[in-house]
Amino acid sequence: MNKSGLPMERRFMTALSIAARRMRTAYDGIVSKRGLTLSRARALLRISDTPGINQTGLARFLEIENPSVVRLLDGMEKQGLIRRCAIAGDRRAKQIVLTPAARRQVAELEEISNALGRDMLKGVASRDLGAAVRVLEVVIGNLETPA
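Remember, it's a predicted structure, so these values are computed and weren't measured experimentally.

Rules and cut-offs
- Residues numbered from 1 in each chain as written.
- Predicted model: local features only at pLDDT ≥ 70, side-chain atom pairs only at ≥ 80, totals over all residues.
- Heavy atoms only, no water.
- Helix = DSSP H or I, 4+ residues; strand = E, 2+ residues; numbered from the N terminus.
- Buried < 20%, exposed > 50% of the residue type's maximum accessible area, 1.4 Å probe, protein only.
- UniProt positions renumbered as here; feature names shortened; annotations may be inferred.

(A) Summary view of the overall build of the protein. From N to C terminus, the protein includes six helices and two strands. Taken from N to C terminus, the helices and strands of the protein fall in the order α-α-α-α-β-β-α-α. In terms of its C-alpha atoms, the protein occupies a principal-axis envelope of roughly 55 × 40 × 25 Å. Taken over 147 residues, the protein has a buried fraction of 23%.

Below, the structure is given as structure tokens:
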């Protein structure tokens, strides 16, 4: 227990939930001014960070169903941001490739992400940030492992 009266685990979960929600809201507010949705921005960054990613891998990362990722990619393709290419040996799988126009948007999104990160982490010591990352990686691993 602590001065709030809540167990530390519950305080952590509450703080994590609030921080995640506020970070998404802030990021969404910034990218929406540039004509993007949060889903589209996350997809562009993931495709850029993961050359050769396919639709299934992207859906898994975004935590959405395959039909939803297909609709997302349809819109991105119409905007000229991506191309879907067949993968040798698997006619059904499609590799997602960024176009030059998308690469310019990715560069802008990376700048936005870096600026938001700097603002968000203002006043957090490097050692504390390292400890937080290690804790979150364990939490993520625990949530990925079936109970």
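(B) Spotlight on the UniProt feature "domain: HTH marR-type" (unreviewed entry) in the protein. In the numbering adopted here, UniProt assigns the feature "domain: HTH marR-type" (unreviewed entry) to residues 9–141. Between the first and last C-alpha atoms of residues 9–141 the distance is 17 Å; the span itself is 71% helix and 11% strand.

(C) Expanded view of the environment of Leu58. Residue position: Leu58 is located in helix H3 (residues 55–62). Sequence-wise, Leu58 and Val70 are twelve residues apart; in three dimensions their C-alpha atoms are separated by 10.0 Å.

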